[in-house]
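# Observations on chain architecture
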Amino acid sequence: ITPLSKFMLLRVLFVEDYRTIDLTGMSELYQLRYIQIDGTRDYVHLPTQIGGLQQLETFDMRRCASVPSDIVHLPHLLHLCIGHGKGLPDGIGKMKSLISLRGFNLSLNSLDNIMGIAELTNIRNLTLIGSMVRHMDVLCSSLGKICANLEYLSFDIMGSTDAMMGQSPPPR
């Protein structure tokens, strides 16, 4: 089988059956714009660093075992979909280009990342999952700073969201 790194002009990578492809060379595909890993029975193991994917715009990694440590440094990433059992590395506030973030787990992300939501000034679509955070005031403050741009906000949270009801409404 030809190594993935040989497909230098590849722009779309859709992996449906992980057992047939070795993803270790993925970070060398400089032209890659879209990655979706789907349809696998087991979670896929990605390279630990993908900083070479500077043109990547969409990354659907719901079926991946972990998040690459340098994902927050991808300058053109517009759409990111994460699976339930993963948190992001610290520095989510650097992901200024993000328009859509699905699967942000409140239980598994750091306080720094919850505060960093406020820095996502281009975000339009945000899905929060997990269980209620003890830093509800920080979450509400972050959401208040981006609410003018949000078109879709979804909570898939175990526990009660009543703690948000006591917060001040966002500024107009």
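Refer to the preceding data block for the structure.
### Quick notes on the overall build of the chain
- A count of helices and strands for the chain gives three helices and seven strands.
- For the chain, the α and β elements follow one another from N to C terminus as β-β-β-β-β-α-β-α-β-α.
- Long-range pairs, those at least 24 residues apart, make up 35% of the contacts in the chain between residues at least 6 apart in sequence.
- For the chain, the accessible surface area stands at approximately 9200 Å², while carbon and sulfur atoms represent 51% of it.

### Here we look at the sheet that holds strand S2 (residues 34–37)
- As summarised here, the arrangement of the seven strands in space is S1-S2-S3-S4-S5-S6-S7, forming an open sheet in which the pairing is parallel. With partners counted over all chains shown, the strands left at the sheet margins are strand S1 (12–15) and strand S7 (152–158), one partner each. In this sheet, neighbouring strand axes are inclined to one another by 10° on average, regardless of whether the strands run parallel or antiparallel.
- Packed onto the sheet, helix H2 (residues 136–146) meets strand S6 (125–131) and S7 and runs at close to 170° relative to S6.

### Examining the side chain of Ser-100
- Secondary-structure assignment places Ser-100 in strand S5 (residues 100–105).
- On the accessibility criterion, Ser-100 (9% relative accessible area) is buried.

Parameters at a glance
Each chain has its residues counted from 1, following the order in which its sequence is written. Reporting in this predicted model follows two pLDDT cut-offs: at least 70 for local features of residues, and 80 or more for side-chain atom pairs to be given and counted; totals over whole chains, interfaces and linings ignore these cut-offs and use all residues. No hydrogens and no water enter the side-chain calculation; it runs on all heavy atoms of the structure. In this text, helices come from DSSP runs of H or I with a minimum length of four residues, and strands from runs of E with a minimum of two, each type numbered from the N-terminal end. We call two residues in contact whenever any of their non-hydrogen atoms come within 4.5 Å of each other. Each accessible area is a Shrake-Rupley result for a 1.4 Å probe, and residues are judged covered by the shown protein chains and nothing else. A pair of strands is treated as paired once DSSP finds two or more bridges between them. Note on method: axes are straight lines fitted to C-alpha atoms, helices fitted across the in-contact stretch only, with angles between N-to-C directions ranging 0 to 180 degrees. Residue burial is assigned from relative accessible area. The probe radius is 1.4 Å, only protein chains are included, and a residue is buried under 20% of its type maximum, exposed over 50%, and partly exposed in between.

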